[in-house]
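# Tertiary structure, described
So the chains spell out like this:
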Amino acid sequence: EIVMGESVHTVAGTPKARRPGCPFDPPAELAEARRHGPISRFTHDYGRPGWLVTGFDLVRSVLADPRFSARKDLLAIGDFTVPAAPPGEFLLTDEPEHGRYRKRLQGRFTVRRMRLLTARIEEITTGCLDEMERTGPPADLVTAFAKPIPTIVICELLGVPYADRGRFQEQVDAFMGGAATDEEVFAAYTATQHYLDELVAAKRAHPTDDILSELTTGDLTDEELRGMSLLLLAAGLDTTANMLSLGTYALLEHPAQLAALRADPERGVEELLRYLTVAKTFMRTALEDVELGGQMIEAGTTVALSYHMADHDPERFHAPGTLDVARRDGGHLAFGHGVHQCLGQQLARVEMRVAFTALFDRFPTLRVAGPAGLRPETADVYGMTSLPVAWTP
Ligand code: HEM
């Protein structure tokens, strides 16, 4: 039992790095915070004081609690106000706005819909593997495999015509972290917005069989359709791509677990999701005073929730730092929990099962063939910038 007001551990901002040689373990600062309890004081990266939650049960309870808001314009992280999310970008909104958008998409992301997509995802994966085989070994797994698969899948869902794919993929990649400068990121983001506006107009004029065409038949404005499309890109590409690259790296470093995943891809993918939790931190802001884990969170205070630490909580998982496909204590927060729980999770699961299975079927001798390029801990989504691989032809 923690006594209210007792001094608690403080974490000063997002840690900069993980421990050298431990690319999969949460940073030492967060593990240290967890040893002091499931909730710590936290200085947000832009200077405002707040809280950091690292315990599994406590993170989940915040996500299930309507007294905590996901609204972007309520974020209290620095000495400035944050603009509201653009129309349609419902990840950073609350009810009823959030549900109004989410429910339009839900029917497109059911388990059944995703099973129907499986054959197409297999074809896309085969195409990438053929190209790797034609030009390698070696290959960079990030550019040859991890990025193109989810990008082509989203292009098909949104109905991006085949002829536009190359340009579209480059733009999206640039604004999602591929570009070198802020100016380039902004230019690529603007270009993607323009492209989506054109695409919305084209679907209104000539609907085809895709999400965007279906949405144009409702009462949503062009701006809302653009926002929803941008959210699907922002939420669905980088996350899946980094699960594929970092997941492959983790499997190559743990051969027994690779064998276990190949024997049971469903459980293997769930354990990789837990172990890696690449979408590692999200924020919520208290709408009123809330008592949380023995601390008083004042109205208007922003709480950082570490999904990664929650998925490595020793009170929830036996030996959480061990990748263990056979573990029985499943269930994880890699897709979040509550009203914002990942809309694309069934799609992501199918993509990962298909992609890992096909990759190791094609290249049973796959190995890491150079230094792995890891993202810094400060990136929103953890993962890889490059992964050189080779195989015996
Ligand atoms: C939300 C993770 C793939 C679409 C989320 C959230 C997480 C997450 C943690 C909740 C954020 C929060 O609590 O505030 C992941 C991971 C993925 C993945 C790890 C890959 C392995 C996808 C894909 C799509 C997608 C493929 C769609 C094509 C969305 C959307 C939301 C969301 C639209 C917002 C849901 C809402 O606010 O109601 N995702 N995601 N995600 N995800 Fe995913």
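The structure displayed is predicted, hence computed values, not measured ones. (Residues numbered from 1 in each chain as written. Predicted model: local features only at pLDDT ≥ 70, side-chain atom pairs only at ≥ 80, totals over all residues. Heavy atoms only, no water.)

Our focus in this paragraph is the environment of Thr-216. Mapped onto the secondary structure, Thr-216 falls in helix α9 (residues 211-216). By relative accessible area, which is 10% here, Thr-216 ends up buried. Measuring from C-alpha to C-alpha, the distance between Thr-216 and Ala-348 comes to 25 Å, with 132 residues separating the pair along the chain. Apart from the residues within four sequence positions on either side, Thr-216 is in contact with Val-200, Lys-203, Arg-204 and Leu-225. (Helix = DSSP H or I, 4+ residues; strand = E, 2+ residues; numbered from the N terminus. Buried < 20%, exposed > 50% of the residue type's maximum accessible area, 1.4 Å probe, protein only. Contact = heavy atoms within 4.5 Å.)

On to the coordination of the iron atom of the ligand, then. No other protein atom reaches the iron atom of the ligand as a donor apart from Cys-342 (SG), found 2.3 Å away. Within the secondary structure layout, Cys-342 lies in the loop between α13 (307-310) and α14 (345-362). (Donors = N, O, S within 2.8 Å, 3.2 Å for Na, K, Ca; no water.)

Between its first and last C-alpha, helix α10 (residues 222-253) extends 46 Å over 32 residues, near the 46 Å set by a 1.5 Å rise per residue. For α10, a buried count of 25 out of 32 residues is recorded, marking the element as mostly surrounded by other parts of the structure. (Expected span 1.5 Å × (residues − 1).)

Next up on the list: the pattern of salt bridges. With the rule as written, the count across this model stands at 28 salt bridges. One salt bridge in this structure joins Lys-147 and Asp-173, with 2.8 Å as the shortest N-O distance. Taken together, the positions of Lys-147 in the loop between α5 (141-146) and α6 (148-158) and Asp-173 in helix α7 (residues 165-178) put the pair 26 residues apart, joining distant regions of the chain. One salt-bridge network, in which partners are shared between bridges, spans Arg-120, Glu-123, Glu-156 and Arg-165. (Salt bridge = Lys/Arg side-chain N within 4 Å of Asp/Glu carboxyl O.)

Successive side chains on a regular strand alternate, one facing one side of the sheet and the next facing the other. Taken together, the 3 bridges between strand β1 (residues 10-12) and strand β2 (residues 39-43) define a ladder with parallel strand orientation. Paired with Ala-12 across the bridge in β2 is Thr-43. Crossover connection from β1 via helix α1 (residues 28-35) to parallel β2: handedness right-handed. In this structure, β2 lies alongside strand β3 (residues 49-53), joined through 5 bridges in antiparallel fashion. Across the sheet, Ile-39 pairs through a bridge with Val-53, a residue of β3. Taking the residues between adjacent antiparallel strands as the criterion, β2 and β3 are bridged by 5 residues, where Gly-47 takes a positive phi near 105 degrees. (Pairing = 2+ DSSP bridges. Right-handed = clockwise from strand over helix to strand, strands pointing away.)

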